[in-house]
Amino acid sequence: MDKVFSSLAENTLTHAPTAAVSRPTTSYSRSDVSQEPAHVAVTKNQTDKVLSSKPRQEYADGYESKLVEMINTAIVDRSPSVKWDDVAGLEKAKQTLMEMVILPTKRRDLFTGLRRPPRGLLLFGPPGNGKTMLAKAVASESEATFFNVSASSLTSKWVGEGEKLVRTLFMVAISRQPSVIFMDEIDSIMSTRLANENDASRRLKSEFLIQFDGVTSNPDDLVIVIGATNKPQELDDAVLRRLVKRIYVPLPDENVRRLLLKHKLKGPAFSLPSRDLDKLAKETEGYSGSDLQALCEEAAMMPIRELGDGILNVKANQVRPVRFEDFQTAMTIIRPSLNKSKYEELEQWNQEFGSS
């Protein structure tokens, strides 16, 4: 009989439910928390470690130092790499930038009241005609802190961090004023808001609009937002309202093309006679600034290609200079990059919304 009871007891312990098995528990007083075993501490703080896997250090005003550091990396050095003289033509855009950025930073006492510069500027037009170069000239000519912002610098994989980056951007710009926030290809960030749009993108645009109004509400702040795009028709209406001045940067006309070609064709190996330069400026109608750059580079390669196998032995001063015929051959390879219908669409938008 004892053997039967012993066997039943063993089966009961072996097949008992897990919940029924009693586990030893250890209780700790408040004074003994520091003596808690290591494996128990890991179990208790597992959730805290997961939440703190992205360490954050915040300033007293609530801004995270990591976000401030990310924004500071977007500051462009005020090196004199691009001057006003390097930008051929675009006199209206230069004058507007001079009134909005250069002069107010140097004579803040004059630009007060109704003379306060507008806070938003949009540079729009066909690609490759100097919109970004104008912004670089502003960075080197002005005494303002220049922020070069793109879509990658304002987006994050963490939910809600994009909006914080926008808020931190304006906070840093105000603390470093006078400041210029330049957003190249602004249509990629501030396009029209749609009903089926991604929620994170919608929140990012809303935060930008809120912070922009926050800047304009203080008349003493000198923070200017400059956007550049070749698709202005895709911008949200609320963004257009804040970008008060909209300057059209068109394709270069004949006089501007001549200045561009003269600027690029320097030196005895590349310069052309004045008569050939005028003729080339006429024949390159429809070419953008970047197209003219590509055309000059292609024409400069023609004398090198004529050398053939002797290129390894020839001296640099023995290579013939570039001729007008080289440009005619290069024009069969380098064509204008802008579609005529796109150009007409930009012209129409400029008549309706531009600051002509």
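Residues numbered from 1 in each chain as written. Predicted model: local features only at pLDDT ≥ 70, side-chain atom pairs only at ≥ 80, totals over all residues. Heavy atoms only, no water.

We apply this condition: UniProt positions are given in the numbering used here, feature names are shortened, and annotations may be inferred rather than shown by experiment.
The protein carries the name microtubule-severing ATPase in an unreviewed UniProt entry, which gives Rubroshorea leprosula as its organism. In its Sequence similarities (unreviewed entry) section, the UniProt entry covering the protein states "Belongs to the AAA ATPase family."

### Brief notes about the pairing of strand β3 (residues 145–149)
Operational definition: Accessibility here uses a 1.4 Å probe with only protein chains present; expressed as a share of the type maximum, an area under 20% marks a residue as buried, one over 50% as exposed, and anything in between as partly exposed. Numbering of helices and strands runs from the N terminus, with a helix taken as a DSSP run of H or I at least four residues long and a strand as a DSSP run of E at least two residues long. When DSSP locates at least two bridges between a pair of strands, those strands are taken to pair.
Burial within β3 is extensive, with four of its five residues counted as buried. With five bridges connecting them, β3 and strand β4 (residues 179–184) associate as parallel partners. When the sheet's bridge partners are listed, Val 149 is paired in β4 with Met 183.

### Some details on the packing of helix α12 (residues 274–283) against helix α15 (residues 324–331)
Here is the rule: In this description, a line fitted to the C-alpha atoms serves as the axis of each element, helices being fitted only across the stretch in contact, and the angle between N-to-C directions of two axes falls anywhere from 0 to 180 degrees. Every angle not falling under 35 degrees, over 145, or within 65 to 115 is termed oblique; those three ranges are roughly parallel, roughly antiparallel and roughly perpendicular. In what follows, a contact means two residues having at least one pair of non-hydrogen atoms within 4.5 Å. Each residue is assigned to one of three groups, with Ala, Val, Leu, Ile, Met, Phe, Trp, Tyr, Cys and Pro labelled nonpolar, Asp, Glu, Lys and Arg labelled charged, and all others, Gly among them, labelled polar.
Close contact between α12 and α15 brings their axes to 10 Å; oriented N to C, the two are set at 10 degrees. By the angle between their axes, α12 is roughly parallel relative to α15. Where α12 approaches α15, its residues Asp 276, Lys 279, Leu 280 and Glu 283 are matched on the opposing element by Phe 324, Phe 327, Gln 328 and Met 331. Residues that form the contact of α12 with α15 fall into these classes: four nonpolar, one polar and three charged.

### Topic: the environment of Phe 327
In this fold, Phe 327 is placed in helix α15. In sequence terms Phe 327 and Met 302 are 25 residues apart; their C-alpha atoms lie 8.9 Å from each other. Not counting chain neighbours up to four residues away, the residues in contact with Phe 327 comprise Leu 265, Leu 272, Leu 280, Leu 295, Cys 296, Ala 299 and Val 322.

### So, the layout of surface pockets
Rules: Think of a 1 Å grid over the protein atoms and nothing else: a 1.4 Å probe that fits but is trapped marks a cavity, an open set flanked by protein within 12 Å on at least five of seven lines marks a pocket, and residues with an atom within 4 Å of a point count as lining. Grid points are joined across faces, edges and corners, and a volume is the space filled by probe spheres set on the points.
Its boundaries defined by the atoms lining it, the largest pocket holds a volume of some 450 Å³. In terms of lining, the largest pocket is formed by 22 residues, of which the most central are Leu 90, Asn 129, Gly 130, Leu 260 and Gly 289. Secondary structure elements with two or more residues in the lining of the largest pocket: α6 (131–141), α11 (254–264) and α13 (289–300). At four residues, α11 tops the list of elements feeding residues into the lining of the largest pocket. A breakdown of the residues in the lining of the largest pocket according to their chemical character gives nine nonpolar, nine polar and four charged.

### Observations regarding the nonpolar core
Defined as follows: Nonpolar cores were defined as sets of buried Ala, Val, Leu, Ile, Met, Phe, Trp, Tyr and Cys residues, with membership established by side-chain atoms within 4.5 Å.
Judged by nonpolar contacts, the single largest core of 34 residues is most densely connected at Ile 181, Met 183 and Phe 208. For this core, the element with the highest residue contribution is helix α8 (residues 161–175), accounting for seven residues. Excluding its chain neighbours within four sequence positions, the residues that come into contact with Phe 208 are Val 166, Phe 170, Met 183, Met 190 and Val 225. One finds Leu 90, Ala 93, Val 101 and Ala 137 within the second-largest nonpolar core, a separate group that totals 26 residues.

### Focus: the pattern of salt bridges
Defined as follows: Each salt bridge in this description consists of a side-chain nitrogen of Lys or Arg and a carboxyl oxygen of Asp or Glu lying within 4 Å of one another.
Taken as a whole and judged by the stated rule, the model has seven salt bridges. Residue Arg 320 pairs with Asp 326 through a salt bridge whose shortest N-O separation is 2.9 Å. A relative accessible area of 19% means that Arg 320 is categorised as buried. On the basis of relative accessibility, which here comes to 6%, the residue Asp 326 falls in the buried class.

### Quick look at α12
Applicable threshold: Our arc is simply the arc of the directions from the helix axis toward the C-beta atoms.
Residues of α12 that are buried include every one of Asp 276, Leu 277, Leu 280 and Ala 281, and no others. Projected down its long axis, α12 shows its buried positions confined to an angular sector of 140 degrees, all on one face. Opposite the buried face of α12, at more than 90 degrees from it, the exposed residues are Arg 275 and Lys 282. Of the surrounding elements, those touching the buried residues of α12 are α11 and α15.

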